[in-house]
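If you want the building blocks of each chain, they are given just below.
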Amino acid sequence: MATMNAVLFFSFLLFAIGCAGMLVRRNALVMLMSAELMLNAANLNLIAFARHSGTVTGQAFALLVMGFAAAEVAVGLALVVALYRRKDTVNADDLNLLKG
Amino acid sequence: MEALLASIAKNIFVIFGLLAVGGATAMVASRSAVHSVLAFLFAMLNIAGCFLALGAEFLGMAQILVYAGGIVVLFLFVVMLVEMAKGKETNKAVFTAQAKVAAPVVVAGAFAFLAVFKDTVFGASAAQALTLKPGLAEGLDVARNNAQAVSRGLFADYLLPFEVLSVILLVALVGAVVLAKTERV
């Protein structure tokens, strides 16, 4: 039987790894995957609290979050492809047009 | 053998959680984008296992369908389009120039979070095992009739967010097509 501590701790670890990947990696694709990882950590928490309270609200919202994640990936990957067409790169360090 | 199986069944959530954390770490650390996508797939499948261990059968199956079936395939297609075209950049740096600052900031933030919320994560109040309180879900046992209970939540209590999500998915579909199409029409 999973304790609440274990669920919260693994969710925290997954979110921290996703946050670190978002900030540290150069590749835009890996940054998108890190965002997905953070959304999944939030989903894990939602399901844990749904189970803790015995209601279904958290699970319903986890399903909605999954749909939002799919929409985000579709738009994000289209942006990456458009970026590659124009700039010929997907590295975050090479995209410094807004730098003063 | 029996004792081993019993202990595995008792700690199945922790096993899936550890595997998911390992997959996530491999995703962030691996140099090649294809390896990153495969580690991401591994992490997502183990998170689906976590969902199943928490009694959310419908969400676990939806996680496998959406991520392993849809999102990872999409990622692999884009990696094929973008990364494979030029293999000459494999020896360049994996991490950003700001990584030396960003990594300690994330670690410090993680420790600050644990320090602030240590009563929530490690405290005795949260130590009791997760159990279901029967009777709260309007006559439906969330664990036993999982898909039925989730559908009641989605289509009765939260119908408006569900419909808003369908509109957002349509907008994302059109937006992705517009963003990714070539200039000449």
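About the criteria used
Residues numbered from 1 in each chain as written. Chains lettered and ligands numbered in written order. Predicted model: local features only at pLDDT ≥ 70, side-chain atom pairs only at ≥ 80, totals over all residues. Heavy atoms only, no water. Helix = DSSP H or I, 4+ residues; strand = E, 2+ residues; numbered from the N terminus. Polar contact = N/O pair within 3.5 Å; in protein donor to acceptor, adjacent residues only side chain to side chain. Contact = heavy atoms within 4.5 Å. Domains from an automatic or database assignment. Buried area = accessible area lost by both parts, 1.4 Å probe. Salt bridge = Lys/Arg side-chain N within 4 Å of Asp/Glu carboxyl O. Nonpolar A, V, L, I, M, F, W, Y, C, P; charged D, E, K, R; others polar. Buried < 20%, exposed > 50% of the residue type's maximum accessible area, 1.4 Å probe, protein only. Expected span 1.5 Å × (residues − 1). Bend = angle between axes of the 7 residues up to and from the residue.

**Quick word on the side chain of serine 36 of chain B**
Then, in step 1: Secondary-structure assignment places serine 36 of chain B in helix α3 (residues 33–53).
Then, in step 2: One polar contact links serine 36 of chain B to serine 30 of chain B, side chain to side chain, over a distance of 3.0 Å.
Then, in step 3: Setting aside residues up to four positions removed in sequence, serine 36 of chain B forms contacts with Arg25, Val30 and Met33 of chain A together with Met27 and Ser30 of chain B.

**A closer look at the domain arrangement of chain B**
Residue and element names in this part refer to chain B.
Then, in step 1: Considered domain by domain, chain B is made up of domain 1 (1–85) and domain 2 (139–185).
Then, in step 2: On a C-alpha basis, the centroid separation for the pair domain 1 and domain 2 is 22 Å.
Then, in step 3: The interface is formed by 5 residues belonging to domain 1 together with 4 residues belonging to domain 2.
Then, in step 4: Three residues stand out in domain 1 for area buried against domain 2, namely Gly55, Glu57 and Phe58, and they jointly supply 87% of the buried area on that side.
Then, in step 5: The interface formed by domain 1 and domain 2 includes 0 salt bridges.
Then, in step 6: Linking domain 1 with domain 2 are 3 residue pairs in polar contact (both at pLDDT 80 or more).
Then, in step 7: Looking at the side of domain 1 that touches domain 2, its residues break down into 3 nonpolar, 1 polar and 1 charged.

**Quick look at the interface of chain A and chain B**
Note: interface size is frequently given as the accessible area lost on complex formation between the parts.
Then, in step 1: In this assembly, 70 residues from chain A lie in contact with 90 residues from chain B.
Then, in step 2: Here chain A and chain B share an interface that buries about 7,100 Å² over both sides, 75% of which is from carbon and sulfur atoms.
Then, in step 3: When the area that chain A buries against chain B is broken down by residue, the three leading residues are Arg25, Met33 and Arg51 of chain A, summing to 10%.
Then, in step 4: Summed over the shared surface of chain A and chain B, the result is 0 salt bridges.
Then, in step 5: Inspection of the chain A/chain B interface yields 9 residue pairs in polar contact (both at pLDDT 80 or more).
Then, in step 6: Of all the secondary-structure elements, those providing two or more residues to the side of chain A that touches chain B are α1 (4–24), α2 (28–53) and α3 (57–87) of chain A.
Then, in step 7: Element by element, the count of residues in the side of chain A that touches chain B is highest for α3 of chain A, at 25 residues.
Then, in step 8: Taken together, the residues that form the side of chain A that touches chain B break down as 46 nonpolar, 15 polar and 9 charged.

**Describing the environment of alanine 48 of chain A**
Residue and element names in this part refer to chain A.
Then, in step 1: For alanine 48, the position within the fold is in helix α2.
Then, in step 2: Residue classification places alanine 48 among the buried positions, given a relative accessible area of 1%.
Then, in step 3: The spatial distance from the C-alpha of alanine 48 to the C-alpha of alanine 74 is 28 Å, given a sequence separation of 26 residues.

**Quick word on helix α4 (residues 57–82) of chain B**
Then, in step 1: Here α4 of chain B spans 36 Å end to end across 26 residues, near enough to the 38 Å set by a 1.5 Å rise per residue.
Then, in step 2: Of all the bends in α4 of chain B, the greatest, near 30°, is centred on tyrosine 67 of chain B.
Then, in step 3: Buried within α4 of chain B are the following residues: Leu59, Gly60, Ala62, Gln63, Tyr67, Ile71, Val72, Phe75, Val78, Val79 and Val82 of chain B.
Then, in step 4: Its buried side turned inward, α4 of chain B meets α2 and α3 of chain A together with α3 and α7 (146–157) of chain B.

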